[in-house]
Amino acid sequence: MSDRRRLIVVANRAPSSYALEDGRRVARRGAGGLVTSLAPLVSRHDVTWIASAISAEDRAVAAEGAVDETARDGSRYRLHLIAHPPETYDLYYNVIANPVLWFVQHGLWDRKHVPRGDLTRAWQEGYVPVNEAFAAAVVEELEREPAAVFFHDYHLYLAPALVRSRRRETPLAHFTHIPWVEPDRWSVLPEPFVRSIHEGLLANDVTGFHTERWRAAFLASARSLGLEPDEERVTAHPISIDPDEFAGIARSKAVCERERELEAKRPERLILRVDRTDPSKNVPRGLEAFRLLLERRPDLRGKVGMLALLDPSRQSIPEYVEERRRIEAAAAELEAGFPGALMLEIADDFPASVAAYKQFDVLLVNAVMDGLNLVAKEASVVNEREGLVVLSVNAGAYEELRDWVVPVEPLDVEATADALEAALALGKEERRERQEAIREHVRAHDLQRWIAAQLADLDRASSIRRP
């Protein structure tokens, strides 16, 4: 790891969110896996984190200026919140970022018939001004003291070019945590939008993705626009976890309490899925596949059950509300045919998820597309039953773990049932060997290694003088 340095992390969400309790301001841990993934940066470097003000109290904090905050491990960092106009933020987040960019980049556009509202207006009056506000905040922080800047994810595709136009020598990097799709998938959007997205990313010294597949797709889509990306500045490094930290969480009191509750009611063999109620996660097809398995294998009824722990996702967006309805309908059909075969919980309950990680026999990850999917890594690290992973070939993690998982084509329900059946039939010794191989891989390619790779890429790329 490089020596301590000054870094600016730019993401839509912050590590802390604020609320009022009994008239007092309290800080709570921010939502999302990105916060956890970037924790090593906060603990080992002098970090300023720029993010959107989400709650009413966040907005009050933003009005007071940047504040000093404390991370979970006691590290100090500077937090700079941006209070966007509510309608502007709604257009940016609820019309462009999630229902449009997320859907396009997860291969889900065919499920959308007409974009909600006026797409051009949402772009020009939402996505563009929010990215401009982020860029202005970055420049403001750079005027205090030079730093390297790390942008993150699909919310901030335009901001790097805006910063580059004002700070030519500043080291800039952007990491996209979701898939990238081939050029033809981008054709559903207006060409000026698509060009701005690619030009924004190419303004960075380093443009990063989880896998070679997503990297190659980005290079192809950039070239299709007549752009000339420098291949050495476009990188692929799959994100990971801190295995020791996760093992500690698995031993915590809250997790052990949930584990005892699960052990009291679990079937002989347990199929687990831990997801958000997000269309990209493909939950309804997974439930349908389990129902099909029980239909074709009467001998498994009463012996094999499924536990689905689902975090309610983006319930202010109509497409996500509809997906939850589809999940509940598929669950009701499964329960009607096979009472007691499914345990479905829709709640934000992280200790319950980790407890279930320890107890599964088969983990089902059948995402339509996924930038990476950390569940496959997290669960394998702490599982205590030689649990086997059934993994979508369209999940980024498949590129790393393919030799040790049961692959599945996510849109094929019958093939998913076949994969579940094959996973249940595999012998204990083979299951143990596969699980241990995943564990060794995650230990060797942990979160610290991912962070170090990002910094090394940026050092190498930014050392080359721009023309």
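Scroll up to find the structure.
Bear in mind that the values here come from a model prediction, so they are computed numbers and not experimental data. (Residues numbered from 1 in each chain as written. Predicted model: local features only at pLDDT ≥ 70, side-chain atom pairs only at ≥ 80, totals over all residues. Heavy atoms only, no water.)

Draft legend 1. Representation of the overall build of the protein within the structure. Each helix and strand counted, the protein has 19 helices and 16 strands in total. Relative to its length of 467 residues, the protein is compact, with a C-alpha radius of gyration of 22 Å against a globular reference of 23 Å. The dimensions of the protein, computed from C-alpha atoms along their principal axes, are 65 × 45 × 45 Å. With 467 residues in all, the protein has 56% of them scored as buried. Taking as baseline every contact in the protein between residues at least 6 positions apart, the subset at least 24 positions apart corresponds to 78%. Summed over all atoms, the accessible surface of the protein reaches about 19100 Å², with 48% contributed by carbon and sulfur. Taken as two groups, the 62 positive and 76 negative side-chain charges of the protein have centres that lie 1 Å from each other. (Helix = DSSP H or I, 4+ residues; strand = E, 2+ residues; numbered from the N terminus. Rg over C-alpha atoms; globule rule 2.2 N^0.38 Å. Buried < 20%, exposed > 50% of the residue type's maximum accessible area, 1.4 Å probe, protein only. Contact = heavy atoms within 4.5 Å. Areas by Shrake-Rupley, 256 points an atom, 1.4 Å probe, with all protein chains shown as cover. Lys, Arg positive; Asp, Glu negative; His and termini not counted. Charge placed at Lys NZ, Arg CZ, Asp CG, Glu CD.)

Draft legend 2. Spotlight on the environment of Thr-36. Here Thr-36 shows up in helix H1 (residues 33-37). For the pair Thr-36 and Glu-288, spaced 252 residues apart in the sequence, the C-alpha separation amounts to 32 Å. Every residue in contact with Thr-36, bar those within four places of it in the chain, is listed here: Arg-29, Arg-72 and Leu-447.

Draft legend 3. Quick peek at the pattern of salt bridges. Counting across every chain of the model gives 42 salt bridges. Across the pair Arg-78 and Glu-141 runs a salt bridge, and its minimum N-O distance is 3.0 Å. Taken as a pair, Arg-78 in strand E6 (residues 76-82) and Glu-141 in helix H5 (residues 119-144) lie far apart in primary sequence, 63 residues in all. Here Glu-141 falls in the buried class, since its relative accessible area comes to 0%. Note that Arg-258 and Asp-349 form a salt bridge whose closest N and O atoms lie 3.3 Å from each other. Placement of Arg-258 in helix H11 (residues 253-265) and of Asp-349 in the loop between strand E13 (342-346) and helix H14 (350-359) is noted, with a sequence separation of 91 residues between them. Taking relative accessible area as the criterion, Asp-349 reaches 23% and is therefore assigned partly exposed. (Salt bridge = Lys/Arg side-chain N within 4 Å of Asp/Glu carboxyl O.)

Draft legend 4. The arrangement of the sheet that holds strand E8 (residues 172-175) in detail. Strands sit in the order E5-E6-E4-E1-E7-E8-E9-E10 across an open sheet of eight strands; the sheet is mixed. At either margin of the open sheet sits one strand with a lone partner, and together these are strand E5 (67-70) and strand E10 (234-236). Neighbour-to-neighbour, the strand axes of this sheet turn through a mean angle of 25°, independent of strand direction. Sheet topology note: the strand E7 (residues 148-152)/E8 ladder contains four bridges and is parallel. Looking at the pairing, His-152 lines up with Phe-175 of E8. Across the face of the sheet, helix H9 (residues 212-224) comes into contact with strand E9 (206-209) and E10 while running at roughly 160° to E10. Of the strands in this sheet, strand E1 (6-10), E7, E8, E9 and E10 are in contact with helix H19 (residues 447-462), which crosses E7 at around 125°. (Pairing = 2+ DSSP bridges. Axes fitted to C-alpha atoms, helices over the stretch in contact; angles between N-to-C directions.)

Draft legend 5. Up close: the packing of helix H12 (residues 283-296) against helix H17 (residues 413-425). It is the contact of H12 with H17, at a shortest axis distance of 8 Å, that shows an interaxial angle of 65°. Here H12 and H17 pass one another in a crossing that is right-handed. Across the interface between the two elements, Arg-285, Glu-288, Ala-289, Phe-290, Leu-292, Leu-293 and Arg-296 from H12 touch Val-413, Glu-414, Thr-416, Ala-417, Asp-418, Leu-420, Glu-421 and Leu-424 from H17. Tallied by class, the residues present in the contact of H12 with H17 amount to eight nonpolar, one polar and six charged. (Left-handed = near helix turned anticlockwise from the far one by under 90°. Nonpolar A, V, L, I, M, F, W, Y, C, P; charged D, E, K, R; others polar.)

Draft legend 6. Expanded view of the pairing of strand E15 (residues 388-392). For E15, the buried fraction is high: five of the five residues fall into the buried class. Side chains Leu-388, Val-390 and Ser-392 project from E15 onto one buried face, and the interleaved Val-389 and Leu-391 project onto a second face that is buried too. Where strand E14 (residues 362-365) and E15 come together, four bridges link them in parallel fashion. Residue pairing in the sheet places Val-365 in a bridge with Leu-391 of E15. Taken together, E14, helix H15 (residues 375-382) and E15 form a β-α-β motif whose crossover is right-handed. (Right-handed = clockwise from strand over helix to strand, strands pointing away.)

Draft legend 7. Inspection of the packing of aromatic side chains at higher detail. For the structure on display, the rule yields 15 aromatic pairs. Ring geometry for Phe-103 and Tyr-320: centres 6.2 Å apart, planes at 85°, overall edge-to-face. In this pair, Phe-103 sits in helix H4 (residues 86-105) while Tyr-320 sits in helix H13 (residues 318-337), placing the two residues 217 residues apart along the sequence. The pair formed by Phe-103 and Tyr-320 is uniform in burial state, with each residue classed as buried. (Phe/Tyr/Trp six-rings, centres within 6.5 Å; stacked < 30°, edge-to-face > 60°.)

Draft legend 8. Up close: H11. The end-to-end C-alpha distance of H11 is 19 Å, a good match for the 18 Å that 13 residues give at a rise of 1.5 Å each. Within H11, the full set of buried residues consists of Val-255, Glu-259 and Leu-262. Within H11, the buried residues cover an arc of 65° as seen down the axis, which keeps them to one side. Turned more than 90 degrees away from the buried face of H11 sit Lys-253, Arg-260 and Ala-264, all of them exposed. Buried residues along H11 sit against helix H10 (243-250), strand E11 (269-276), strand E12 (304-311) and H14. (Expected span 1.5 Å × (residues − 1). Arc of directions from axis to C-beta.)

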